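# Coordinate analysis (summary)
Now for the letters of each chain:
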Amino acid sequence: MEKKFYLVREDVLPEAMKKVVLAKQLLERKKAASVAEAAQLANISRGVFYKYRDAIFPFQAVTKENIVTLFFHLEDRSGTLSQLLSVVAAAGCNVLTIHQTIPLQGRANVTLSVSTNDMHEDIDDLLGKLRRLEFVEKVEIVGSGVY
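Cut-offs used in this document
- Residues numbered from 1 in each chain as written.
- Predicted model: local features only at pLDDT ≥ 70, side-chain atom pairs only at ≥ 80, totals over all residues.
- Heavy atoms only, no water.
- Helix = DSSP H or I, 4+ residues; strand = E, 2+ residues; numbered from the N terminus.
- Buried < 20%, exposed > 50% of the residue type's maximum accessible area, 1.4 Å probe, protein only.
- Polar contact = N/O pair within 3.5 Å; in protein donor to acceptor, adjacent residues only side chain to side chain.
- Contact = heavy atoms within 4.5 Å.
- Expected span 1.5 Å × (residues − 1).
- Salt bridge = Lys/Arg side-chain N within 4 Å of Asp/Glu carboxyl O.
- Core = buried A, V, L, I, M, F, W, Y, C linked by side-chain atoms within 4.5 Å.
- Arc of directions from axis to C-beta.

## What about the side chain of Thr-69?
The residue Thr-69 is located in strand β1 (residues 67–75) in this model. Under the relative-accessibility criterion, Thr-69 is labelled buried at 18%. Separated by 3.2 Å, the side chains of Thr-69 and Ser-113 make a polar contact. Excluding anything up to four places from it in sequence, Thr-69 contacts Thr-111, Leu-112, Ser-113, Glu-140, Ile-141, Val-142 and Gly-143.

Written out as structure tokens, the structure reads:
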């Protein structure tokens, strides 16, 4: 049977699933020595942990070993693409493709596909840094997949 996957916002997830993610993080970071201890710290039963452990993953975990495609709406200013690429490179991403539209009315669209294999920060942190660039009007993830 083919499995389907969905991207779901955290605020609509059942509490048990959020706690399973917490328990998995405790184990990964060696803050818990066993599943029983991680489940106890996360305030769930071991049964709940085992039920959902292979069914829920943080988005950052899914983006590891993958490519992520980012869409930007930028002000057309000299050096903006260079600054944007510097932030992406500093996060440890390898740019695979760049597509930029011809600037119209002082705005340009840029689509980047990046490898996240060597990324050393969460994708959410990178997106926050990119959104704080004064020339970035919009940035969003438009795709993710294995290459």
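Having put the structure on the table, let's press on.
## Some points on helix α1 (residues 15–28)
With 14 residues, α1 extends 20 Å between its outermost C-alpha atoms, agreeing within 8% with the 20 Å of an ideal straight helix rising 1.5 Å per residue. Residues of α1 that are buried make contact with α2 (35–42) and α3 (46–52).

## Structural notes on the pattern of salt bridges
Under the counting rule described, the total for this entry stands at eight salt bridges. For Glu-15, the salt bridge identified is with Lys-18, shortest N-O distance 3.8 Å. With Glu-15 and Lys-18 both in helix α1 and three residues apart, this pair spans about one turn of that helix. Residue Glu-15 is classed as partly exposed on the basis of its relative accessible area of 46%.

## Considering the side chain of Ser-113
Take Ser-113: it is sitting in strand β3 (residues 107–115). In this structure Ser-113 touches Val-68, Thr-69, Asn-94, Val-95, Leu-96 and Thr-97, once residues within four positions along its chain are discounted.

## Focus: the nonpolar core
In terms of nonpolar packing, the biggest core is built from 21 residues, with Phe-72, Leu-84, Leu-126, Leu-130 and Val-136 touching the most fellow members. Of all the elements in the fold, those that place two or more residues in this core are β1, α5 (80–90), β3, α6 (123–131) and β4 (136–145). Those residues in contact with Leu-130 that sit more than four places away from it in its chain are Leu-70, Phe-72, Leu-84, Val-87, Val-88 and Val-136. By size, the runner-up hydrophobic cluster in this structure holds 13 residues, among which are Leu-26, Ala-42, Phe-49 and Ile-56.

## Looking at unusual backbone geometry
For residues other than glycine, phi is negative in most cases, and the peptide bonds are mostly trans. One non-glycine residue, Asn-43, adopts positive backbone phi at about 65 degrees. Here Asn-43 lies in the loop between α2 and α3. At Gln-105, a residue that is not glycine, the phi angle is positive and equals roughly 50 degrees. In this fold, Gln-105 is placed in the loop between β2 (94–100) and β3.

## Overview of the environment of Pro-58
Assignment of secondary structure puts Pro-58 in the loop between α3 and α4 (59–63). We classify Pro-58 as partly exposed; its relative accessible area is 26%.

## A closer look at α2
Where α2 is concerned, the buried positions are Val-35, Ala-38, Ala-39 and Ala-42. Across the axial projection of α2, the buried residues extend over an arc of 100 degrees, all falling on one side. Opposite the buried face of α2, by more than 90 degrees, sit the exposed residues Gln-40 and Leu-41. Each element contacted by the buried residues of α2 is listed here: α1 and α3. Once α2 finishes, Asn-43 follows within two positions and takes phi at roughly 65 degrees, a positive value.

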